[in-house]
Amino acid sequence: MSSAVPSAARKPVLASLRLFSWRHPEWWSVALCTLAWGMLLVHGVQQLQHGSHPAGTFAEELRRWLWMVAAMMLPFTLHSVRATAVGSLWARRQRAMAEFLVGYFAPWLVVGLAVAALHALAWAHTSIEAGLCFALAALWQQTSLYARGLAECHRNWPLAPAGWKADRDCLRFGAAIGVACVQTSWPWMLACALAGHGLVAMAGSMALAFVERRSFWPRPRRVLAGTLALACGYLWAGGLAPVLFVACSPTLQANPGEVTELAAETAGAFSLAGITHIELTLRVPTPSAAGPAGQRVFLNIERMTSGTLSPPYDVYLDVPIGEDPARHPELRAGLVSMYGLVPASRAAGADAAPGLSEKLEITELYARLAAARGNGPASLRVSFVPARPVDGATVRVGRVSLYLTRPAP
Amino acid sequence: VPELVGASAAPFTISGGSTEINLEVRAPTGPAAQGDVEGLANWLPRRVFLNIENITSNERSAPYEVYLNVPPGERPEEHPELHAGSLALFGLVAASRADDRDSGHGLYEQLEITTLYPALAVMSDWDPEQLRISFVPSRPGSPMLQVGRVTLYFA
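Rules of the game
Residues numbered from 1 in each chain as written. Chains lettered and ligands numbered in written order. Predicted model: local features only at pLDDT ≥ 70, side-chain atom pairs only at ≥ 80, totals over all residues. Heavy atoms only, no water. Contact = heavy atoms within 4.5 Å. Buried area = accessible area lost by both parts, 1.4 Å probe. Salt bridge = Lys/Arg side-chain N within 4 Å of Asp/Glu carboxyl O. Polar contact = N/O pair within 3.5 Å; in protein donor to acceptor, adjacent residues only side chain to side chain. Helix = DSSP H or I, 4+ residues; strand = E, 2+ residues; numbered from the N terminus. Nonpolar A, V, L, I, M, F, W, Y, C, P; charged D, E, K, R; others polar. Buried < 20%, exposed > 50% of the residue type's maximum accessible area, 1.4 Å probe, protein only. Pairing = 2+ DSSP bridges. Axes fitted to C-alpha atoms, helices over the stretch in contact; angles between N-to-C directions. Expected span 1.5 Å × (residues − 1).

Remarks on the interface of chain A and chain B
Then step 1. With 22 residues of chain A at the contact, the number on the chain B side is 24 residues.
Then step 2. By the criterion of area lost to chain B, the three top residues of chain A are L89(A), W90(A) and P158(A), representing 28% of everything that side buries.
Then step 3. Taken together, the connections running from chain A to chain B amount to 0 salt bridges.
Then step 4. Here chain A is connected to chain B by 4 residue pairs in polar contact (both at pLDDT 80 or more).
Then step 5. Mapped by element, the contributors of at least two residues to the side of chain A that touches chain B are helix 1 (4–23) and helix 7 (144–152) of chain A.
Then step 6. With 5 residues, helix 7 of chain A is the largest single contributor of residues to the side of chain A that touches chain B.
Then step 7. Here the side of chain A that touches chain B is composed, by residue class, of 13 nonpolar, 5 polar and 4 charged.

What follows is the structure, given as C-alpha cells:
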C-alpha cells in the first residue's frame, strides 16, 4: 500500500529533475560554487576561533586560493558556462562545460601560484597589506584596463560542433573568460588572499562584484565607495588601530623622554585554552641584539577576557617546536597572573569590557635570543603554558604586541 | 528546451557577394529527439531556429537575405519560397569595436525557420544531413563580413 504512492509520485519528480537539468545544464557549477563556500566558511570559522591568520604551506594556500576562485568568481561566470553547454551538441554538453572550466581556472591557477609563493613571505600576513590591496583595487577600478576586462567577461566564442576542434574551442573560450576575469578582479582577489581568505573581505568583495555586474546600470561610485570602505577597515584593523591604541592606553603610553616603537603584533584576537603557541612577525627595521643604548623590550598581552577564573600562564619565547616549554626555564619571559580577570571582563554600562592587560619586560631575554641567532630574529614564537590544568576555562586575548623603547635623542 | 543539431565548423567570411555554406545536420539525441521516429529524414520539427553568430565588420553594411537549399547553379533571388529571413545588421560597426563598454564580438541574429524547414523535405535534392545556406546582400557593394558561427537548433 505504501509503495503505490511513492511510485506514482516518483515519475513527476524524476521528470521535473530531468527537465531542470535540461534547462539549467550549469547546475553542477552552482553545486561546485556552494561546496567552495562551505570549505571557506569552515576555514573562516577556524580562523575566528584561533583569532589569527596562520600561514599555511604552499599547497594549502594554493588550495584555498582555488576554492576562493570557485566560490567568488564562478557565480559571475555561470552565463558563459551555460552558453558553452547550450552551444554544444547534446551528447557533449557536460564535457564542454568541464573543458570550459579547465580553461577558466588555468589563468587563475597561474595567479594562485604567485599568491601562494607570496604567502611564504613574512610580511604577507597582516591586515595592512590587505587594506593596501583594496586601496589598489579602488585605483584599478578607475582604469580602462578594468573596464575592458569587464566587457570581455561577457564575450562569447564560436565553438566547433565536434572533434578536437570543439575541445580546443571550449578550452580557449574558458581561458579567454578567465583572463578577462583576472584582468578585472585580481586586486580584490589578492586582497582577499592577503586577508587570510577572511569572510568579511570575501563577502564584501562579492557584494561589490554583484553591484557592478548585476545592476542594469553600472554602479562605479558604489563599488568605489565599498572598496575604499574595505581598504579603510583593513588598514584600521592592521595599522591605525594599534597606533591609536598605543596613544590612548595609559599602560602603554610612552614617557615624554622615551621613543616607543611597535615592533610586532598579532593579526587579531585568539583564545588560550591550554598550551598555546603564536608567532609574532617583526616589522622592519628588525631590532638588533644590542640595539641602541638604553633600549628596552616589552611584551604586552592585551585585553584578556574570560567569564570564568583562569589559572596563571607562564610565557616562554622561542621554544623549539615540539619541545616542552617547561624544560626551557632559560626561555621563560614571565608570568601572566590573571588576577582580576573576571571583573575586568564585565562590560561597564555602555562601555565594552576593558579586559586585563599584562606587560612583561623581556629586554635581557630578547638580547640573549638575538645574540644566539647572530642577528635580530625575523619572528618570535610565544608560548603560553597554564600553571595548572585549565578545566575548560578559556581566555580570549585581544592582542599580543612587542614594543621597543629607547631614550629620546 | 532547444537542442543544437548543426553548427559551422569554423568562422568564415561573406565577401560582399552571394556566399553559400554547408551545414552538417545531426539527429537530435536530447529533448528534441522523438522516441517513435527513426532517422533524421522522418523527423517532424516543433520549432527550428537558424542562428548567425558573431557577425563583425569595420564598415556599415546593407541587410543580407538568407536562403536555404537553393538548387546548385541557380540564383537565390529567384527562389522566394526558400527565403529564410533578413539580417538587418543595424549597429554592426559599434558591435564589432572592442572598447570599455563592449567586447566587440559582433551581432547575433536569429531566424525562425519552423515553417520553411519541413517544406525543404519535399524538394528533390533534399538531404536531411546537409543544409545549404546562402547569404545574399540586398544591395550591391556591401562590405566584407566575418561570421563566427552558424547554428541550427531544433526545439
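Observations regarding unusual backbone geometry
Then step 1. In the Ramachandran plot, H197(A) falls in the positive-phi region, its phi being about 55 degrees despite a non-glycine side chain.
Then step 2. One can find H197(A) in the loop between helix 8 (163–194) and helix 9 (199–214).
Then step 3. Classification of H197(A) as buried rests on a relative accessible area of 1%.
Then step 4. Its identity is not glycine, yet N69(B) carries a phi of approximately 50 degrees, on the positive side.
Then step 5. Note on placement: N69(B) falls in the loop between strand 5 (64–68) and strand 6 (83–87).

Quick notes on the sheet that holds strand 8 (residues 130–137) of chain B
The strands that make up a sheet pair up through hydrogen bonds in the backbone, lying either parallel or antiparallel.
All names here are of chain B.
Then step 1. Strand order in the open sheet formed by 4 strands is 3-8-5-6, and the pairing between neighbours is antiparallel. This sheet does not close on itself; its edge strands, each paired only once, are strand 3 (19–24) and strand 6. Neighbour to neighbour, the strand axes of the sheet diverge by 25 degrees on average, direction disregarded.
Then step 2. In the sheet, strand 3 pairs with strand 8 via 6 bridges, with the strands oriented antiparallel. Across the sheet, the residue bridging to E24 is Q130, located in strand 8.

Some remarks on helix 6 (residues 127–140) of chain A
Then step 1. A rise of 1.5 Å per residue sets the reference length of helix 6 of chain A, with its 14 residues, at 20 Å; its end C-alpha atoms lie 20 Å apart and thus fit the reference within 8%.
Then step 2. Every buried residue of helix 6 of chain A is accounted for by S127(A), E129(A), A130(A), G131(A), C133(A), F134(A), A137(A), A138(A) and W140(A).

Thoughts on the pattern of salt bridges
Then step 1. By the definition in use, this model includes 20 salt bridges over all chains.
Then step 2. Ionic pairing is found between R149(B) and E53(B), a salt bridge with its closest N-O pair at 3.3 Å. One end of the pair, R149(B), is in strand 9 (residues 145–154); the other, E53(B), is in strand 4 (residues 48–56), and 96 residues separate them in sequence. E53(B) matches R149(B) in its accessibility class, with the two residues each being buried.
Then step 3. One salt-bridge network, in which partners are shared between bridges, spans R92(A), R95(A), E99(A) and D167(A).

A short note on the environment of D167(A)
Residue and element names in this part refer to chain A.
Then step 1. Looking at the secondary structure, you find D167 in helix 8.
Then step 2. Accessibility expressed as a relative area gives 16% for D167, which makes it buried.
Then step 3. Excluding residues within four positions of it along the chain, D167 makes contact with R92, R95 and E99.
Then step 4. Polar side-chain contacts of D167 include one of 2.8 Å to the side chain of R95.

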